[in-house]
Amino acid sequence: MKYPVNILIINGPNLNLLGEREPDIYGSITLEELIKKLNKEGKLLNAKINHIQSNSENVLINEIHNLRKKIDYIIINAGGFTHTSIALRDALIGVRIPFIEVHISNIYARESFRAHSWLSDVSSGIICGLGLDGYFWALKTAVKRIKQSRKK
C-alpha cells in the first residue's frame, strides 16, 4: 500500500533512554513502545512513519538529507541538540520540509538554558509539556496540513 503522507520522526540524544531516564519527567513508556503506537496511529491516518533516533548529530543530519525527497513532514524532538545545534537547524532549513518541534517536558518550566531553541523560529509549530501525547498531536497536525496543502 502506498501511503499518501510520509512522516519522519526524529528523536535526538538520550531519547533512547525513554522509560528509564527520569520517569517523573519523561514517563515510563520506552521509545520502542512509543514508535509502535505512532505507527499504529499513522496507519489509521494513512501515513507512513519513518523513525530515527541517534545520539549523534551527524547521523540525524545525514538522515534528513537522505530522506529529503521522500518525506512530506518532520516531527522532531531534538533533545539537547535543540539548545545547541545550528547545524541541525541548517539541515532542516536546507531541505525545506515543514516540521513540528516536540518536547515531552515543558522546556520553559525547567532550567533557563532549555528555554532557547535554535529550531523554534523556523518550525511550523512547537508542542511542549504534553508528555508523549505531543507526538500524537504533532502527527495529526502534520497529516492534516499535508492533506490541506494538496487540496489547493
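Rules used in this analysis
Residues numbered from 1 in each chain as written. Predicted model: local features only at pLDDT ≥ 70, side-chain atom pairs only at ≥ 80, totals over all residues. Heavy atoms only, no water. UniProt positions renumbered as here; feature names shortened; annotations may be inferred. Helix = DSSP H or I, 4+ residues; strand = E, 2+ residues; numbered from the N terminus. Buried < 20%, exposed > 50% of the residue type's maximum accessible area, 1.4 Å probe, protein only. Contact = heavy atoms within 4.5 Å.

The next thing to look at is the UniProt feature "binding site: substrate" (unreviewed entry) in the chain. Listed under "binding site: substrate" (unreviewed entry) in the UniProt record, and renumbered for this structure, are Asn77, His83, Asp90, Ile104, Ser105 and Arg114. Over a stretch of 38 residues, the named residues are scattered through the fold, their C-alpha atoms separated by up to 24.4 Å. Within the secondary structure, Ile104 sits in the loop between strand S4 (99–103) and strand S5 (125–128). Among the residues examined, Ile104 registers a relative accessible area of 5% and is labelled buried. The residues contacting Ile104, other than those within four sequence positions of it, are Leu15, Leu18, Ile25, Tyr26, Asn77, Gly129, Leu130, Gly131, Leu132 and Tyr135. Considering the arrangement of structural elements, one finds Ser105 in the loop between S4 and S5. The class for Ser105 is buried, based on a relative accessible area of 9%.

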